[in-house]
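Letter by letter, the chains look like this.
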Amino acid sequence: MLGQLVVSGLAAGSLYGIMALGLILIYKTTHILNFGQGDMVMFATFIAYLLLTLFRWPFPAAVLGAMVAGALLGALVDRGVMRWARNAPVTSLFIATLGVGMILQAVAGWIWGYDTKPFPYALRGRPLFLGDVVLRQHDLLVLVVTVLISLVLFLLFKFTKVGVAMRATSQNRRAAQLMGINVGRIGTLSWALGLGIGALAGCLVAPIVYLDLTSMILVMIKAIAAAVLGGFTSLPGAVVGGLLLGVIENLFGGYMPSAIAPLKTTFVFVLIIVVLVLRPHGLLGERTAGGHG
Amino acid sequence: MNALLSVSGLTKRFGGLTAVDGLDFSVAEGQIVGLIGPNGAGKTTVFNLISRLLEPNAGAITFAGQNLLAFPPHRVVTLGIARTFQNLGLFPYLSVLDNLLVGRHRGFRGGVLPLALGLGWGEERRAREEALGVLRSFGMEALAPAPASLLPYGTQKAVELVRALMARPRLLLLDEPVAGMNATETATMAQFIRRIRDERGVTVLLVEHDMSLVMEICDHIVVLDFGRKIAEGPPAEIQRNPRVIEAYLGEEVGRARL
Amino acid sequence: MRGVLFALLLVGLLAAVPLWAKTYDLYLLSLAAANVIAAVGLALLTGFTGQLSIGNAGFLAIGAYGAALIVKHLGVEFWVAIPLAGLLSGLTGFLLLIPALRLTAIYLAIATLAFGTAVSEALPRWASVTGGYQGMRVPPARFLGLNVQNDVAMFYLALAVTVVMVLLARNLIRSRVGRAFIAIRDKPAAAQACGVSLTRYKALAFFLSALFTGIAGGLYAHVVGYISPSEFGLGKSINLFVMIALGGMASLPGPVLGAVFLTYLPHWLSGIRGLQDVLYGAALIGIVVFMPYGAWGFVRKWTAPDKVARLPRPVRAAAEFVLGRTR
Ligand SMILES: Nc1ncnc2c1ncn2[C@@H]1O[C@H](COP(=O)(O)OP(=O)(O)OP(=O)(O)O)[C@@H](O)[C@H]1O
Ligand SMILES: [Mg+2]
């Protein structure tokens, strides 16, 4: 029982983690909390749905297509909307992202309708048995993808010029600008990357929650929670936060009496408050210098 | 001479860095005392410890016979210690007058409920009169309605000092009051600090890099380097002290100024 | 002084609305009134004190259910039930003080989100009291021994409550309390050095915000007559945040404008079938782009003395009279 709950918790948690990665990539360089991420990811996932059903693309190709579409969408949101709103305080900027989200919802509604669509699993073969723990192939795939994405991002930030420029921009925007980094382009890139990864997460979540206009929203709230738990500026923190969130949620749902078990989201959130009160910058977050100079 | 403020064995560590290291000194009532040292010596940290914004790792701070460490930060000003900040502590979106009124926050007595019901304006009006009076006595009454952030930097520093006076402190902590000012402004500020001491009997603890100012107005100087006290005495002695010169020589800016 | 004059004029005009308005208009205005109080409550916390909250719908729910249950079980008058509901909500506001003393910015926002989620998840599961997912009917308000069942009477009650609440907020904002809030928001260390207790004033900000929002909830419950948990979820919290951001959150006219605008926007757009969400979204984006500091910030910018001075003479004279700046 315990092993099973932990393993499926890890699988669900990696999905929160990947979702959170997309959010944080955008937040780190632009300081915008993208409240429209859920809607944007939903839209990109519908693109995958379109490619799968209408054009009968194979699953990996459709996912890749959705990632490209997500990246384009991200770049478009940055260039077409956020760029124009840069005079607004950050607290208002998230309202612009919300506005984009509403528009995308409406457009998706016109194109794909309002009913819930089934979305295929990437792998639907026989589940694996590890002792008495059952692991669906899809869950295994999700875990592998999480590891891969983390690795790719790690390499990107550590070794490529773009990655280093992104890190510099997130640490000190002005200094980065003075060093000749085009922070505008870095911002666009972050939006593209954030939504590209978001689209991937969307395609992996969709088989579980099904696909409709609002199915990504709860996942996105959990992803935000995971990101905050991990420290909000830390990419490894997002993954760790996601995994923890998934496991804790599952354990609570599994062990609590059935009267309380449905309150697992509440429980998770209360737990997050407790963690934050003990560690105000999350588990792996950077402590901002609290000088009083 | 009895000490108004005395600090002993004061230590503050940030992770592995010891910013203030077993510091002892005291400030006699009615004096202007300079606290100097190269960049990063720990001067601002000492101020933050005295204003209780930071918790020391060890040591004691006594003010007017009371153990300062027993008080929370917002009570420090009630005891009689007001301060200014190195990077400006004015509230940018409040007018100069409102900034001054926050400065005498502790003087307000009325409860929240009467305030909400629109009572208690008498107190507010008296506080405004008082603030305007103080501004007038420094020739700044014209500034009263201006948003603080729109004033020139030097003026903001002066306003912040006036705000600190609104609390009627016995001890004033000034963190680099003339940084970024030209010679004329600096001279005016020096006058200003002297007047505060002479006319209001306020004791001053002053952090400043401008050595000519420090040497001119201080009665006593404490020198910090790497969080430790390396010298203490009247200005004339400090100027000749080889350890002080050495500490500053290590730092080009300091050499140029000394 | 001129501000007071204009406010009186506005209230006078609103009081005359029932002379010509249809019941639906009165219903919308009453709804706007409840939103105004909630937005002012959030502005006190987020706009003035700088404590980001995206969980205020939790307080709205507590106020709404509180008022409904109080009236249902105690049968008390409207003017007793509403303050009681507000107080109930206000006291729960202190719950958020524990995280608020340790957290800032996004971290605090998530803590408030957690609170809001907890409330909206707990409500339907406590079905014996709240009526579960279906919600509950709110008994008609009782006022001076009568049941308030027509929209005109409800409108006047809503208007009266709103005027009182806005006045309370105005008095507080102009006092040492408002100054302390802004001081904490902009420079917490300097605020403390001036003698402002962070604990005390953050507690006060959360209490007031919860109190105002709770009263708004109570009023809302009476206006709509039927409440269910789904109205008080994250969407509503964000809706409240959007109100103050669009209006201009560090002012009093800002949240009032924002609340009225956002109450009416869906109504205006509902005529344009199929396009309303797109237009709604576009409106949000447009306002952020063209009025980055909200509608009130926009008004302030374009009525600044230097802007007015550039107007042609007769217009300038009129503008200066209206703005109360004769030089
Ligand atoms: N909140 C903090 N967290 C970590 N380190 C700090 C903090 N505040 C100060 N320090 C470090 O402590 C040391 C002393 O800093 P402090 O600001 O007290 O120096 P200072 O003497 O005021 O210097 P300056 O003349 O440049 O103002 C510095 O090395 C600084 O980096
Ligand atoms: Mg300093």
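Presented here is a report on the structure given in the accompanying data block. Note that the coordinates shown come from a computational prediction; the quantities given were computed from them, not determined experimentally. (Residues numbered from 1 in each chain as written. Chains lettered and ligands numbered in written order. Predicted model: local features only at pLDDT ≥ 70, side-chain atom pairs only at ≥ 80, totals over all residues. Heavy atoms only, no water.)

Considering the overall build of chain B
Looking only at helices and strands, chain B features 11 helices and 10 strands. The C-alpha extent of chain B, read off along each of the three principal axes, is 60 × 40 × 35 Å. Across the 258 residues that make up chain B, the buried fraction comes to 55%. Considering only intrachain contacts with a sequence separation of at least 6, the fraction spanning at least 24 residues in chain B is 67%. When the accessible surface of chain B is split by element, carbon and sulfur atoms take 51% of a total near 11,000 Å². Once the 27 positive and 26 negative side-chain charges of chain B are each reduced to a mean point, those two points are 6 Å apart. (Helix = DSSP H or I, 4+ residues; strand = E, 2+ residues; numbered from the N terminus. Buried < 20%, exposed > 50% of the residue type's maximum accessible area, 1.4 Å probe, protein only. Contact = heavy atoms within 4.5 Å. Areas by Shrake-Rupley, 256 points an atom, 1.4 Å probe, with all protein chains shown as cover. Lys, Arg positive; Asp, Glu negative; His and termini not counted. Charge placed at Lys NZ, Arg CZ, Asp CG, Glu CD.)

Section: the overall build of chain A
A count of helices and strands for chain A gives 11 helices and two strands. Reading chain A from its N end, one meets helices and strands in the order α-α-α-α-β-β-α-α-α-α-α-α-α. Across its three principal axes, chain A shows a C-alpha extent of roughly 60 × 50 × 35 Å. In chain A, buried positions account for 54% of the 293 residues. Restricting the contact set of chain A to residue pairs at least 6 apart, pairs at least 24 apart contribute 74%. Per element, the accessible surface of chain A, about 12,700 Å² overall, is 70% carbon and sulfur. Taking the average place of the 19 positive charges on the side chains of chain A and the average place of its 8 negative ones, the gap between the two points comes to 13 Å.

Brief notes about the site of ligand 1
By nearness alone, 15 residues border ligand 1, and Lys43(B), Thr44(B), Thr45(B), Gln86(B) and His209(B) come closest of all. Those residues lying near ligand 1 are distributed over chains A and B. A distance of 2.9 Å separates an oxygen atom of ligand 1 from a polar atom in the backbone of Gly42(B). His209(B) has a polar side-chain atom sitting 2.7 Å from an oxygen atom of ligand 1. Taken by itself ligand 1 offers 630 Å² of open surface, and the protein chains cover 69% of this. Going through the elements one at a time, β2 (17-28) and α1 (43-50) of chain B are the ones with two or more residues in the shell around ligand 1. With three residues, α1(B) is the largest single contributor of residues to the shell around ligand 1. Here the residues of the shell around ligand 1 are counted per class, giving four nonpolar, nine polar and two charged. (Near = heavy atom within 4 Å. Polar contact = N/O pair within 3.5 Å; in protein donor to acceptor, adjacent residues only side chain to side chain. Nonpolar A, V, L, I, M, F, W, Y, C, P; charged D, E, K, R; others polar.)

Quick word on the sheet that holds strand β3 (residues 32-36) of chain B
Residue and element names in this part refer to chain B. With mixed pairing, six strands are arranged side by side in an open sheet as β6-β7-β8-β3-β9-β10. Bordering the open sheet on either side are β6 (81-83) and β10 (228-233), each of which pairs with just one other strand. Across this sheet, the average inter-strand angle for adjacent strands is 20 degrees, counted without regard to direction. By the bridge criterion, four bridges tie β3 to strand β8 (residues 203-207) in an arrangement that is parallel. Bridged to Val 33 within β8 is Leu 205. Lying on the sheet, α1 is in contact with β3, β6, β7 (171-175), β8 and β9 (220-225); it crosses β7 at an angle near 145 degrees. (Pairing = 2+ DSSP bridges. Axes fitted to C-alpha atoms, helices over the stretch in contact; angles between N-to-C directions.)

Some remarks on the coordination of the magnesium ion (ligand 2)
Residues and elements named next belong to chain B. With distances of 1.9 to 2.1 Å, the protein atoms coordinating the magnesium ion (ligand 2) are Thr 44 (OG1) and Gln 86 (OE1). In this pair, Thr 44 is assigned in helix α1 and Gln 86 in the loop between β6 and α3 (96-103), connecting sequence segments 42 residues apart. Taking the relative accessible area as the measure of exposure, Gln 86 reaches 24% and is therefore partly exposed. (Donors = N, O, S within 2.8 Å, 3.2 Å for Na, K, Ca; no water.)

Observations concerning the side chain of His138(A)
Residue and element names in this part refer to chain A. Considering the arrangement of structural elements, one finds His 138 in helix α5 (residues 137-159). According to the relative accessible area criterion, His 138 is buried, its value standing at 1%. Of note is the side chain of His 138, whose polar atom sits 3.0 Å from the backbone oxygen of Leu 204. For His 138, the contacting residues outside a window of four places in its chain are Tyr 121, Ala 122, Leu 123, Leu 204, Pro 207 and Ile 208.

Structural notes on the interface of chain A and chain C
Frequently, the measure chosen for interface size is the accessible area that the parts lose on association. Taken together, the contacts link 40 residues of chain A with 38 residues of chain C. Together chain A and chain C conceal approximately 3,400 Å² of surface at their shared face, both sides included; 80% is due to carbon and sulfur atoms. Taken together, the links from chain A to chain C amount to three residue pairs in polar contact (both at pLDDT 80 or more). Going through the elements one at a time, α4 (90-112), α9 (215-230) and α11 (264-278) of chain A are the ones with two or more residues in the side of chain A that touches chain C. (Buried area = accessible area lost by both parts, 1.4 Å probe.)

Examining a nonpolar patch on the surface
Taken together, the side chains of Trp110(A), Ile111(A), Tyr114(A), Ile272(C), Leu275(C) and Leu279(C) make up a nonpolar region of the molecular surface, amounting to roughly 590 Å² of accessible area. Tracing the backbone through its elements, the reader meets Leu279(C) in helix α14 (residues 276-290). (Patch = residues over 30% accessible without salt bridge, like charges linked within 9 Å, V, L, I, M, F, W, Y side chains within 5 Å. Salt bridge = Lys/Arg side-chain N within 4 Å of Asp/Glu carboxyl O.)

Concerning the pattern of salt bridges
Tallied over the entire structure, the rule returns 19 salt bridges over all chains. Notably, a salt bridge pairs Lys117(A) with Asp115(A), separated by 2.9 Å at the nearest N-O pair. Using a relative accessible area of 9% as the deciding quantity, one classes Lys117(A) as buried. For Asp115(A), a relative accessible area of 48% translates into the label partly exposed. Asp186(C) serves as the salt-bridge partner of Arg185(C), at 2.9 Å between the closest nitrogen and oxygen. Judged by relative accessible area, Arg185(C) falls into the partly exposed class, the value being 23%. Linked through salt bridges whose partners overlap, the residues forming this network are Asp98(B), Glu124(B), Arg128(B) and Arg179(C).

Points about α5(A)
Residues and elements named next belong to chain A. If you check α5, its first and last C-alpha atoms are 32 Å apart, about what 23 residues at 1.5 Å a residue would give, namely 33 Å. Within the span of α5, buried status applies to His 138, Asp 139, Val 142, Val 145, Thr 146, Ile 149, Leu 153 and Phe 157. Close packing links the buried residues of α5 with α1 (2-30), β2 (133-135), α6 (161-171), α8 (183-209) and α10 (235-255). (Expected span 1.5 Å × (residues − 1).)

Brief notes about the packing of aromatic side chains
Under the counting rule described, the total for this entry stands at 18 aromatic pairs over all chains. Three or more aromatic residues joined by ring pairs make a cluster, and in this case those are Phe43(A), Phe46(A), Tyr49(A) and Trp112(A). Geometry around Phe85(B) places Arg83(B) over its ring, the cationic atom sitting 3.9 Å from the centre. (Phe/Tyr/Trp six-rings, centres within 6.5 Å; stacked < 30°, edge-to-face > 60°. Lys NZ or Arg CZ within 6 Å of the ring centre and 35° of its normal.)

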